[in-house]
Amino acid sequence: MTNTIDTTKAAWRVQAQGAGSFLPIQIISLQVDSVTEFEIFVRSKPDETPVLYRAKDLAFTEDALQRLAENKITHLYIRSSDERAYHRYMQQNLSSILSRPDIDKEVKSVLLYDSAQSLVKEIMQDPRSGEAIRRSKNLVETTVSYLYAERDAFEHLLKVTSFDYYTYTHSVNVFVFSVTLAQRVGLGDPEHMRDFGDGVLLHDVGKSMLDPVIINCRGKLSKKQWESMKLHPVHGYEILRRQGALADAALDVVRHHHEKLQGGGYPDGLQGDQIGPWVRICTICDIFDALTSKRSYKPAMQSFPALALMKDEMLNDLDREYFRAFVDMMGHPSAT
Ligand SMILES: [Fe+2]
Ligand SMILES: [Fe+2]
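Reading the values: rules and limits
Residues numbered from 1 in each chain as written. Chains lettered and ligands numbered in written order. Predicted model: local features only at pLDDT ≥ 70, side-chain atom pairs only at ≥ 80, totals over all residues. Helix = DSSP H or I, 4+ residues; strand = E, 2+ residues; numbered from the N terminus. Rg over C-alpha atoms; globule rule 2.2 N^0.38 Å. Buried ≥ 20, exposed ≤ 12 C-beta atoms within 10 Å, placed from the backbone. Pairing = 2+ DSSP bridges. Expected span 1.5 Å × (residues − 1). Arc of directions from axis to C-beta. Contact = placed C-beta atoms within 7 Å. pLDDT = per-residue confidence, 0-100. Axes fitted to C-alpha atoms, helices over the stretch in contact; angles between N-to-C directions. Parallel < 35°, antiparallel > 145°, perpendicular 65-115°, else oblique. Left-handed = near helix turned anticlockwise from the far one by under 90°.

**A few points about the overall build of the protein chain**
The number of helices and strands found in the protein chain is 15 helices and four strands. Taking 20 Å as the expected radius of gyration for a compact globule of 336 residues, we find that the protein chain reaches 21 Å, a close match to that expectation. Split into buried and exposed, the 336 residues of the protein chain put 36% on the buried side.

**Overview of unusual backbone geometry**
In this chain, Tyr266 is followed by Pro267 through a cis amide linkage whose omega measures 10 degrees. Looking at the element boundaries, Pro267 is found in the loop between helix 12 (248–256) and helix 13 (277–292). Of note in this structure, Lys72 is not a glycine but carries a positive phi near 55 degrees. For Lys72, a count of 6 C-beta atoms within 10 Å puts it in the exposed group.

**Description of the pairing of strand 1 (residues 22–26)**
Burial of strand 1 is one-sided: the residues Leu23 and Ile25 facing one way are buried, the residues Phe22, Pro24 and Gln26 facing the other way are not. Sheet topology note: the strand 1/strand 4 (residues 75–79) ladder contains five bridges and is antiparallel. Of the residues in strand 4, the one forming a bridge with Phe22 is Arg79.

**Describing helix 15 (residues 320–331)**
With 12 residues, helix 15 should cover 16 Å at 1.5 Å per step; its first-to-last C-alpha distance of 17 Å lies within 8% of that length. Residues Tyr322, Phe323, Phe326 and Met329 constitute the buried set of helix 15. What you see down the axis of helix 15 is that its buried residues fit within an arc of 120 degrees, all on one side. The exposed set on the far side of helix 15, more than 90 degrees from its buried face, consists of Arg320, Glu321, Arg324 and Gly331. Looking at the packing, one finds that the buried side of helix 15 touches helix 7 (167–184), helix 13 and helix 14 (303–314).

**A short note on the confidence of the model for the protein chain**
Per-residue confidence for the protein chain gives a mean pLDDT of 89; residues scoring 70 or more make up 93%. The lowest-confidence element of the protein chain is helix 1 (residues 7–10), averaging 36 in pLDDT; the highest-confidence one is helix 12, averaging 98. Confidence drops under a pLDDT of 50 for residues 1–19, and excluding neighbours within four residues, the segment shows 28 contacts in the predicted structure.

**A closer look at the packing of helix 11 (residues 232–243) against helix 12**
Viewed as axis vectors pointing N to C, helix 11 and helix 12 meet at an angle of 155 degrees, and their least axial separation amounts to 7 Å. By the angle between their axes, helix 11 is roughly antiparallel relative to helix 12. Contacts between helix 11 and helix 12 involve Pro233, Val234, Gly236, Tyr237, Leu240 and Arg241 from the former and Leu251, Val254, Arg255 and His256 from the latter.

**Here's the deal with the packing of helix 12 against helix 13**
To describe two helices that pack against each other, one gives the angle between their axes and the distance between the axes. For the pair helix 12 and helix 13, interaxial distance at closest approach is 9 Å and the crossing angle is 45 degrees. It follows that helix 12 is oblique to helix 13 by the angle criterion. You can see that helix 12 and helix 13 cross each other, and the crossing is right-handed. In this structure, helix 12 contributes Ala249, Asp252, Val253 and His256 to the contact, and helix 13 contributes Trp278, Val279 and Cys282.

**Some words on the environment of Ala64**
Within the secondary structure layout, Ala64 lies in helix 2 (residues 62–70). Counting along the chain gives 10 residues from Ala64 to Arg54, while the straight-line C-alpha distance between them is 9.9 Å.

**Notes on the environment of Gln225**
Relative to the assigned elements, Gln225 resides in helix 10 (residues 223–229). In the structure, Gln225 is positioned 11 residues away from Ile214 in sequence and 6.4 Å away in space, judged by C-alpha atoms. Those residues in contact with Gln225 that lie beyond four places of it in its chain are Ile214 and Cys217.

**Details of helix 11**
Between the first and last C-alpha of helix 11 there are 17 Å, a value that for 12 residues agrees with the 16 Å anticipated at 1.5 Å per step. Among all positions in helix 11, only His232, Pro233, His235, Gly236, Tyr237 and Leu240 are buried. Phi for Gly244, located one or two positions after helix 11, is positive at around 65 degrees.

Okay, structure coming up:
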């Protein structure tokens, strides 16, 4: 059990650091016959500036793919400014990429993780975009199906998880942990799992309404700032409820993920049976990820001390059965 990213496998994400305003993309992320809304570049030598390889709106053909393979080219490049367009393209093609047996599972995990991060980042910048919320529902559906279909999907996703804290990385981590935990404790069918996933992925979307000074605060929040922070579940709930795109179970997770079983949580001070099973799952995963993520003002805790702290100091506020299953899941990520 470790928080360290497997740098050898994840290293290709950041290859070609010297390519200036270009970003490397894996060729396998391009689908034959699909049209891209961004230009694609190629670079034959490591220190060369990438040159235009494919214009926008030109379909990527099987022939082109073969020629690249013959030339042993594994990466192409896009302009950094097209990163969002690339991620949108990825999100559209994610389902077929995840179903391809010829793609390494770790690579699939990185593509999935990065697509999800990019989407949550976009939603945090414009949480009222119904179009982005629809894309997030598609991504949740694809991810849930993948987690159901592949026995070791979670183990691979865990390896590429980032523990540098940003609201968007945190959201994706809590989403992956929560859906896997819910599956392991036998909660719900795929349809309910999708509703749950919609809520978990966006559980902190209300933070987009807070003053960035509060979000980026390096020390202890003042009393007033803390009161403001405690409103983020209500902000998120209101934003998403007004859009009418999420099921009640999802909205419940967004509003209540900071409630405590013994009471004293926020925003509604619920306790015991008032807190449903889906919310209980999300709360455990949320606390764990917050503890194990690195912040500008604190180092990341390793998994075991974080679990020990949760057991020693928070267990009465958490669902014990789900917590035990969570400890087991982090200790045995490959088990099903
Ligand atoms: Fe939260
Ligand atoms: Fe959270």
